[in-house]
Amino acid sequence: MKLMKHITIALVLCAVPAMALGQVSVTCDECKHMVPIFKGDGGLIAEADGAEMVSYLSECGGITSWGSLTPNSDGVVAMSFQDSGVACMGDDGTFSLGPVMEGGWYWITDANNSAVGSLLNEDVYMSLMDMETMPTNAGPGVETTSGKGAVMVKETATGRVGILSTLLPMTPADPTPLCGYAGTPAAPVSTNCALGDGGNIILATTLNSISGASSRVMDKSMIARPAGTGSYSMTIDLWGNGSGHYTTPADPANDARLGNPAVALSADRGATRMTGVTYTVNLSGGTGPGASNTPVTSGGAAVAGVTYNTGSGSDPLADALQLDIANETTSYCTATARHNATFVVEVVITEAGAGAITPPLARNATTGAVGTFTFTLTCPASSSQQGVELVPENPFPTG
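Residues numbered from 1 in each chain as written. Predicted model: local features only at pLDDT ≥ 70, side-chain atom pairs only at ≥ 80, totals over all residues. Heavy atoms only, no water.

Colleague: With reference to specific residues and values, describe the sheet that holds strand S23 (residues 277-286).
Modeller: Pairing within the open sheet is mixed, and its 5 strands lie in the order S20-S29-S27-S23-S24. Unpaired on one side and paired on the other, strand S20 (221-224) and strand S24 (294-296) mark the two borders of the sheet. Across the sheet, the mean angle separating the axes of adjacent strands is 30° when strand polarity is ignored. Sheet topology places strand S27 (residues 341-349) next to strand S29 (residues 369-378); 8 bridges connect them, and they run antiparallel. The partner of Val348 across the bridge, within S29, is Ala369. (Pairing = 2+ DSSP bridges. Helix = DSSP H or I, 4+ residues; strand = E, 2+ residues; numbered from the N terminus. Axes fitted to C-alpha atoms, helices over the stretch in contact; angles between N-to-C directions.)

Spelled out as structure tokens, the structure:
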């Protein structure tokens, strides 16, 4: 919040009663830092924020003064309130200056000693003023003078003074955990937790040709076909996006980890992926001779070297898609031609499947579609190449 000071001043460079020469309203936009306790003699020191001059504006007892300070060779400005004629003998003074860097400080000199405090950014004060913490009351032996973001305390017996900030740092609150699951066996975590946005992850993996571990294939990836007569498989299934969800209590048969990407590449993948999911696969383009929007069907002939497998019930591929990818040496990767083939997989989930978790997985209300996954097959680069190096195992957030 920008603090604008409309102050009555006399149009002279020294402090005079405002009523003497008429009154005008002035705004000091660059004066963004203030002296929280402006009382009596003292001074300040600060580093200019890239400006050739630093302006200041003070008010005390109806008298307003303004002026400017010239930074030294190190970019530092300093002033004595007394020597500059702006020392305020009342308790209601205000002083601001700018543009200066954070880290500036000031001192107020009383009869016996001085108190030191930090200059305060006015935007910080305005944003935190409702959370000020006042110092503990020490009783009649200590006088206090409140300012903006600070309190000046004075021990009456000795005259010693000090300045205490009232804008205190606080330990950040622990972040609200995401809704999910906990325990063994897993149980839904559905209270005192943050719900997500109902988004999804379409997860596609293949087996790393070197380590044998599942590695993620990212959307719009370029993937090399296997050389020779070999083949490899790509598994695709649907998950929540890890922003926080829990299984719907009305269906206790659901695994509490249902759709949670933290377990997507575990041995329980088949039991925890989203259910009610179906897929359509189309050869959608590329540089090869195949027609666009040629479907790859379950149990059907290969399209550009790709065949489609799925399952149902207790089958390990239930609610998942397996694409078997082979080289295609008739039209795509021949002795005289090298063509790419681009495939688009559309993923659809039933209303019941989407509602098996809370919040429900976001879907098209008419078609049930949740998104697409696209990949492009390229010809093998060498006789030993099969696939490409992909994203390392389990690249998902926990929750």
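Colleague: Summarise the pairing of strand S18 (residues 200-207); cite the residues concerned and give the values.
Modeller: Consecutive residues of a regular strand have side chains that alternate between opposite faces of the sheet. The buried count for S18 comes to 6 of 8 residues, which makes it a mostly enclosed element. Sheet topology note: the S18/strand S21 (residues 231-240) ladder contains 7 bridges and is antiparallel. Bridge pairing in S21 links Thr205 to Thr235. Strand direction decides the pairing type here: S18 and strand S19 (residues 214-216), joined by 3 bridges, are antiparallel. Within the sheet, the bridge partner assigned to Leu207 lies in S19 and is Ser214. (Buried < 20%, exposed > 50% of the residue type's maximum accessible area, 1.4 Å probe, protein only.)

Colleague: I'd like to hear about the sheet that holds strand S14 (residues 150-155), residue by residue, with values.
Modeller: The 3 strands are arranged S13-S14-S15 in an open sheet whose pairing can be described as antiparallel. Each having just a single partner strand, strand S13 (142-146) and strand S15 (161-165) make up the two edges of the open sheet. Taken pair by pair, the neighbouring strands of this sheet meet at an average axis angle of 25°, ignoring direction. Direction of pairing for S13 relative to S14: antiparallel, over a ladder of 5 bridges. Following the sheet pairing, Thr144 is matched in S14 by Val153.

Colleague: Talk me through the packing of aromatic side chains; I want residue IDs and the actual numbers.
Modeller: Inspection of the entire model under this criterion finds 7 aromatic pairs. Note on Tyr56 and Phe95: the rings are 5.6 Å apart at their centroids and 15° apart in plane angle, and the pair reads as stacked. Here Tyr56, found in strand S6 (residues 54-60), pairs with Phe95, found in strand S9 (residues 88-98); they are 39 residues apart in sequence, far enough to count as distant. Here the two residues Tyr56 and Phe95 agree in accessibility, since each one is buried. (Phe/Tyr/Trp six-rings, centres within 6.5 Å; stacked < 30°, edge-to-face > 60°.)

Colleague: If you had to explain unusual backbone geometry to someone new, which residues and values would you point to?
Modeller: Of note, the bond from Thr184 into Pro185 is cis; its omega dihedral lies within 30 degrees of zero at 0°. Turning to its location among the elements, Pro185 is positioned in the loop between strand S16 (180-182) and strand S17 (187-189). Here the amide bond leading from Thr358 into Pro359 is cis, since omega sits at -5°, within 30 degrees of zero. Among the structural elements, Pro359 can be located in the loop between strand S28 (357-358) and S29. Phi angles above zero are rare outside glycine, and Ala304 is one such case at about 50°. Here Ala304 lies in the loop between S24 and strand S25 (306-310). For Asp319, which is not glycine, the phi torsion reads 65° and is therefore positive. Looking at the secondary structure, you find Asp319 in the loop between S25 and strand S26 (321-326).

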